[in-house]
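# Summary of structural features
If you want the building blocks of each chain, they are given just below.
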Amino acid sequence: MSSKFSKIGFILAVAGSAVGLGNAWKFPTLVGQSGGSAFILLYIILTLGVGFVIFLAELSIGKISEKDPVNAYKKLALKHKKAWSFVGFTMIGSILIVSFYTLVIGWVVKYAYLSIIGQLPSDLKSSALDFNFLISHDFLSQFICFSLVFFIVFYTVSKGIKNGIERLNVWMMPSLFILLILMLIYAMTKDGFVMALKFLFVPDFHKINISNTLEALGLAFFSLSLGVGTIITYSASLPDRTNFITSTLNIIFINLLVGLLMGLVVFTFIFEFGYDPNQEGPGFVFVSLATLFQNLGLTGHIFGTAFFVSLVFAGITSAVSMIEPSAFYLINTFKMSRKKALFFIGTLVYILGVLCILSSLDSTQFKILGMSFFELLDSFSSKIIMPLGGILVAIFVGFVIKKETLKILFKPYMKGIFFEIWYLFVRFISPLAVVAVLITKLVGFV
Ligand code: TRP
C-alpha cells in the first residue's frame, strides 16, 4: 500500500470497510438481545463521542506516518519506540476477527444460494430451525461456503488493496443501499413497521445497564473498524488535500444509516411474522429476511438473491480491510512478497475459521470460558482488544504526538474551537469513557 488512493477511492475503501456484516448481522442481533432502543441510543452516543474521536486519531497516526500500524508507532514515538510499536500488534485482533467473519459471509453465501434455487424457508419458525441446523449440524455447507469466501477474500487482497476493491465498492455500496431503501418502503406498508419503530426508537431507559453499554461500545468499534489498525493502514494512503473531516463524517453517517435501515427492515418482519425479538440467537437477519423473500414469490427470488449477493460483497470489502494491516506490516518489515505474507496470514485464518465451525457443531462442540470458540474470538476482540487498542490510540495521539503537528494536519479542515474540543475528547473524555466502561464491567464480574 505505498501509493495513494484516489480521493473517492479512499472514502469508498473506508466506507467499504465500515459497512459490512457488523451492520447487517451483528447490529440486529445485539439490538434484539440488548433491549432495542436503549441499546441504539447508547450505540449512537458512543459512535459519536468515542468512535468519531478515535477514528480521527487513527487517521492522524496513519496519515502522519504513512506506515503500517507497528512501524507507524515506531516512527512517531519520541521515546519508548519499542514499547509503542507493540501497540501496533493490536492488528492481530483483526486476524482473529476475519476468521469468524469469513464464516459469517459464508452463511450469507449459503442464503444467496438458497435464494437462487428458491429454497428459503417460508415461515419464521422453520427459518429459525434451519438457521440453527446450519450452524449446529451442517459442517459441509459451512466448510464449502467458508472456503469459497476465504479464497475470494485472499485473492482480492493479493491483487493489492486499491486495484482489488476500488471497482467492487463503486458498484456494491450503492446497490446495497438502494435495495435497503426499497425494502424499507415495502416494510412501511406492514403492521410490523410501527412495532419495529417503537422497539428501535422509543427510549426505554431502564434497560440501560453496564453489559449493554459494553456491547454498544464494542459494536461502535467493530462497526467503524477501529482499534486494530485498519484505519491507520488505510490512512497511510490517504491522498493529500483530502478533506478528511467531511469524509469521516460521511462514512460515520452512512454506517449508522445502513445499520438503522437494516434494523428497521429486519425487525418489521420479525414482528410481522410474530416472533419474539428478545429471543437469543445470532441469526435475526437470516431468519427474518429469508422468510420475507420466500413469501414474495418471484419478486422475492430476485430481491433475495440481489440482497444476499450485495451483502456478500459488503462483507468481502470489510474482510479485506482486516487482512491488509498485517500484510502491509509483513511486507514492510520483512521485505516479503505480498503472496508470501498472505500465505502465512491465510494459513492462520483458515485454521482458526475451521475451528470456529467445529466449535459450534453439536458433534464437535467445544467451549472455552463457557463460550464456543467462535463467541470467544468475537467477544475477546470486540470487548477487549478493540477498546484497549482505542484507548492506546487516544493516549498516543493525545500525549505523544505533538499538538502542533496535529494542528498543522487538521488546519485546512477543522480549526479553532472544534479542534480544541476534539483534542480534549481525544486526551481525556473518550479514553476515560472507555476505561470507565471496561472497569465497571470488570468489577461487576468479580
Ligand atoms: N466494520 C466492519 C463491519 O461492520 C467489520 C470490520 C472491517 C472490522 N474491518 C474491521 C471490524 C477491523 C474490526 C476491525 O462489518
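Just so it is clear, the model here is predicted, and its values are computed rather than measured.

## Details of the site of the ligand
Near the ligand you find 17 residues, and of these Ala18, Gly22, Tyr101, Phe222 and Ser321 are the closest. Contacts to the ligand include serine 321, whose side-chain N or O atom sits 3.0 Å from a nitrogen atom. A total of 360 Å² of accessible area belongs to the ligand in isolation, and the protein chains cover 100% of it. For the shell around the ligand, the secondary structure elements donating two or more residues are helix H1 (7-18), helix H2 (21-33), helix H6 (92-116), helix H11 (210-223) and helix H15 (297-334). Of the residues that constitute the shell around the ligand, the class distribution is 8 nonpolar, 9 polar and no charged.

## Points about the packing of H2 against helix H3 (residues 37-65)
In contact at an axis separation of 7 Å, H2 and H3 are set at 130° when each is read in the N-to-C sense. Judged by the angle between their axes, H2 and H3 are oblique. Across the interface between the two elements, Phe27, Leu30 and Val31 of H2 pack against Phe39, Ile40 and Tyr43 of H3. Taken together, the residues of the contact of H2 with H3 break down into 6 nonpolar, no polar and no charged.

## A closer look at the packing of aromatic side chains
Under the definition given, this model contains 44 aromatic pairs. Ring centres 5.3 Å apart and planes at 90° place the aromatic pair phenylalanine 150 and phenylalanine 151 in the edge-to-face group. Residue classification places phenylalanine 150 among the buried positions, given a relative accessible area of 7%. Consider the rings of phenylalanine 293 and phenylalanine 307, whose centres lie 5.9 Å apart with planes at 50°: the pair is tilted. One end of the pair, phenylalanine 293, is in helix H14 (residues 284-295); the other, phenylalanine 307, is in helix H15, and 14 residues separate them in sequence.

## Points about a nonpolar patch on the surface
On the surface, a nonpolar cluster with roughly 520 Å² of combined accessible area is contributed by Ile395, Phe399, Leu424, Phe428, Ile429 and Leu432. Taken together, the elements giving at least two residues each to the nonpolar patch come down to helix H17 (373-400) and helix H19 (416-445). By the element assignment, phenylalanine 399 lies in helix H17.

## Remarks on the pattern of salt bridges
Here the structure, examined in full by the defined rule, presents 10 salt bridges. Here aspartate 138 ties to lysine 110 by a salt bridge, and the two come within 3.8 Å at their closest N and O atoms. Within this pair, whereas aspartate 138 is found in the loop between helix H7 (124-137) and helix H8 (139-158), its partner lysine 110 is found in helix H6, the two being separated by 28 residues in sequence. Judged on exposure class, the residue aspartate 138 and its partner lysine 110 are both buried. Note that lysine 383 and glutamate 215 form a salt bridge whose closest N and O atoms lie 3.2 Å from each other. Here lysine 383, found in helix H17, pairs with glutamate 215, found in helix H11; they are 168 residues apart in sequence, far enough to count as distant. Accessibility expressed as a relative area gives 24% for lysine 383, which makes it partly exposed. Taking the relative accessible area as the measure of exposure, glutamate 215 reaches 22% and is therefore partly exposed. Taken together, the salt bridges that share partners define one network made up of Lys4, Lys63, Glu66 and Asp240.

## Quick notes on H1
One turn of an α-helix holds 3.6 residues; hence residues three or four places apart share an orientation. A rise of 1.5 Å per residue sets the reference length of H1, with its 12 residues, at 16 Å; its end C-alpha atoms lie 17 Å apart and thus fit the reference within 8%. For H1, the buried fraction is high: 9 of the 12 residues fall into the buried class. All buried positions along H1 are accounted for by Gly9, Phe10, Leu12, Ala13, Val14, Ala15, Gly16, Ser17 and Ala18.

Definitions and limits used
- Residues numbered from 1 in each chain as written.
- Predicted model: local features only at pLDDT ≥ 70, side-chain atom pairs only at ≥ 80, totals over all residues.
- Heavy atoms only, no water.
- Near = heavy atom within 4 Å.
- Polar contact = N/O pair within 3.5 Å; in protein donor to acceptor, adjacent residues only side chain to side chain.
- Areas by Shrake-Rupley, 256 points an atom, 1.4 Å probe, with all protein chains shown as cover.
- Helix = DSSP H or I, 4+ residues; strand = E, 2+ residues; numbered from the N terminus.
- Nonpolar A, V, L, I, M, F, W, Y, C, P; charged D, E, K, R; others polar.
- Axes fitted to C-alpha atoms, helices over the stretch in contact; angles between N-to-C directions.
- Parallel < 35°, antiparallel > 145°, perpendicular 65-115°, else oblique.
- Contact = heavy atoms within 4.5 Å.
- Phe/Tyr/Trp six-rings, centres within 6.5 Å; stacked < 30°, edge-to-face > 60°.
- Buried < 20%, exposed > 50% of the residue type's maximum accessible area, 1.4 Å probe, protein only.
- Patch = residues over 30% accessible without salt bridge, like charges linked within 9 Å, V, L, I, M, F, W, Y side chains within 5 Å.
- Salt bridge = Lys/Arg side-chain N within 4 Å of Asp/Glu carboxyl O.
- Expected span 1.5 Å × (residues − 1).

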